[in-house]
Amino acid sequence: MTEFWLISAPGEKTCQQTWDKLMASTTRNNNLSTNNKFNIPDLKVGTLDVLVGLSDELAKLDSFVESVVKKVSQYMADVLEDTKDKVQENLLANGVDLVTYITRFQWDMAKYPIKQSLKNISEIIAKQVTQIDNDLKARASAYNNLKGNLQNLERKNATNYIEWQKTYETLAEMVVPRSTNLLFEDQESGLFSVTLFRKAIDDFRHKARECKFTVRDFQYNEEEMKADKEEMTRLSTDKKKQFGPLVRWLKVNFSEAFIAWIHIKALRVFVESVLRYGLPVNFQAMLLQPNKKNMKKLREVLYDLYKHLDSGATGIIDVAMDIPGLNLSQQEYYPYVYYKIDCNLLDFK
């Protein structure tokens, strides 16, 4: 289960009491979730007007950065092709797996200095991730073109030897038995001739296509064959040369984008908590990893724990309602600040 609920609630007499109450309600005796404190530093609050505007901007930035994180991870899977089982071990953040990074989250003071305003920090992240997105498009385009050209050339020459030998005599009437000959082959493919009566050609061509054999009138051209072989070798070599640096770039920039994404989640929790719970800043951010079987029960327990914060919160809000400064994730609204973090980033087909 790699879904997390990032929530916050106001500090009781102390924030530790808020934490203790959550732990008592969700982990002792009932095993509803695995919980960690989510450490957010003392960020600059700014004015209420700025916070309200920033709340909307951060919601959009959150969606954009998540999309880039998913694009980089999915392209990693595409590039690794036959080794997709190894993709997950390449998707790290700061050299550790994603669950470890999230559950032990520490604000990166060097990348995102907290002396800066919240708006400046969000702009730093936006600029950084936009650059990653643009670089990904350029690198992916170059590699995909190379890969596509190579695949087209391989397809042009591809024949399944065994299937051909088993079926060619029965694809049409009037095929001369044992008349096929291998004319040319390289490491990827072979080219065969076959002899048959002229009036059987159309039927043979049709049946061959159904079996995914490419049939064409053939005049042997040694120069053309040689050129194809050399081009395939060149493309294959270029692909291998680009593969290593591309995978390294994807690993580094996946990490950068994912780290940026979790910092945005931290910014959103901070902003929404101040807007909801007021000043001075006094809230506890908490990361819950729900037990999959008990998610509904966990939601009920959290509601009972925090319903006093907002008597109108039922768990789902009318789509048409517009509450300034409160961003609603997929129309979910709870009496506590809540954001989902889903680490299921890959869509293996």
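Just above, that's the structure.
Conventions we followed
Residues numbered from 1 in each chain as written. Predicted model: local features only at pLDDT ≥ 70, side-chain atom pairs only at ≥ 80, totals over all residues. Heavy atoms only, no water. Helix = DSSP H or I, 4+ residues; strand = E, 2+ residues; numbered from the N terminus. Buried < 20%, exposed > 50% of the residue type's maximum accessible area, 1.4 Å probe, protein only. Contact = heavy atoms within 4.5 Å. Areas by Shrake-Rupley, 256 points an atom, 1.4 Å probe, with all protein chains shown as cover. Patch = residues over 30% accessible without salt bridge, like charges linked within 9 Å, V, L, I, M, F, W, Y side chains within 5 Å. Salt bridge = Lys/Arg side-chain N within 4 Å of Asp/Glu carboxyl O. Phe/Tyr/Trp six-rings, centres within 6.5 Å; stacked < 30°, edge-to-face > 60°. Lys NZ or Arg CZ within 6 Å of the ring centre and 35° of its normal. Axes fitted to C-alpha atoms, helices over the stretch in contact; angles between N-to-C directions. Left-handed = near helix turned anticlockwise from the far one by under 90°. Nonpolar A, V, L, I, M, F, W, Y, C, P; charged D, E, K, R; others polar. Expected span 1.5 Å × (residues − 1).

**Q** Hey, could you run me through the overall build of the protein chain in this one?
**A** When its secondary structure is counted, the protein chain shows nine helices and eight strands. Counting over 349 residues, the protein chain shows a buried share of 42%. Contacts in the protein chain between residues at least 24 apart in sequence constitute 78% of all its contacts with a sequence separation of at least 6. A total accessible area of about 19600 Å² is found for the protein chain, and carbon and sulfur atoms account for 49% of it.

**Q** How should I be thinking about a nonpolar patch on the surface in this particular structure?
**A** On the surface, Met174, Val176 and Phe197 cluster together into a nonpolar patch covering about 250 Å² of accessible area. Locating Val176 in the fold gives a position in the loop between helix 6 (161-167) and strand 3 (181-185). For Val176, a relative accessible area of 30% gives the class partly exposed.

**Q** Mind showing me how you'd approach the packing of aromatic side chains here?
**A** The geometry of an aromatic ring pair comes down to the distance between the two centres and the angle between the two planes. Counting across every chain of the model gives 15 aromatic pairs. Ring centres of Tyr101 and Phe258 lie 6.2 Å apart, and the angle between their planes is 70 degrees; this geometry places the pair in the edge-to-face category. With Tyr101 in helix 4 (residues 98-103) and Phe258 in helix 8 (residues 222-277), the pair connects residues that are 157 residues apart, well separated along the chain. By the burial criterion, Tyr101 is buried, and Phe258 matches it. Here Trp164 and Phe213 contribute two aromatic rings whose centre-to-centre distance is 5.2 Å and whose plane-to-plane angle is 85 degrees, an arrangement assigned as edge-to-face. Highlighted residues: Trp164 in helix 6 and Phe213 in the loop between helix 7 (201-210) and helix 8, separated in sequence by 49 residues. Here the two residues Trp164 and Phe213 agree in accessibility, since each one is buried. Linked through ring pairs, Phe38, Tyr101, Phe105, Phe254, Phe258 and Trp261 together constitute an aromatic cluster. Over the ring of Tyr338 we find Arg299; its NZ or CZ atom is 4.3 Å from the centre of that ring.

**Q** Any chance you could explain the pattern of salt bridges here in plain terms?
**A** Two side chains with opposite charge may pair up if their charged atoms get near one another. Throughout the structure, instances matching the rule amount to 14 salt bridges. The salt bridge involving Glu81 is made with Lys147; its shortest N-O contact spans 3.3 Å. Of this pair, Glu81 sits in the loop between helix 2 (48-80) and helix 3 (87-90) while Lys147 is found in helix 5 (residues 118-157), placing the two residues 66 residues apart along the sequence. The shortest N-O distance in the salt bridge between Lys239 and Glu81 comes to 3.3 Å. Placement of Lys239 in helix 8 and of Glu81 in the loop between helix 2 and helix 3 is noted, with a sequence separation of 158 residues between them. On the basis of relative accessibility, which here comes to 28%, the residue Glu81 falls in the partly exposed class. Ionic contacts of the salt-bridge type, sharing partners, join the residues Glu57, Lys119 and Glu123 into one network.

**Q** What am I meant to see in the packing of helix 1 (residues 15-26) against helix 9 (residues 295-306) here?
**A** Axis angle and axis distance: for two packed helices, these are the angle between their axes and the distance between the axes, and together they describe the pair. Between helix 1 and helix 9, whose axes approach to 10 Å, the crossing angle comes to 140 degrees. Crossing hand, helix 1 versus helix 9: right-handed. On the side of helix 1, the interface is formed by Lys21, Leu22, Ser25 and Thr26, while helix 9 contributes Leu298, Val301, Leu302, Leu305 and Tyr306. Taken together, the residues that form the contact of helix 1 with helix 9 break down as six nonpolar, two polar and one charged.

**Q** Looking at this structure, I do not really get helix 2. What am I missing?
**A** Owing to its 3.6 residues per turn, the α-helix brings residues three or four apart onto one side. Helix length check: helix 2, at 33 residues, gives a terminal C-alpha distance of 47 Å against a target of 48 Å (1.5 Å per residue), a fit within 8%. One or two residues past the end of helix 2 sits Glu81, with phi positive at roughly 45 degrees.

Purely geometric numbers; function is a separate question.
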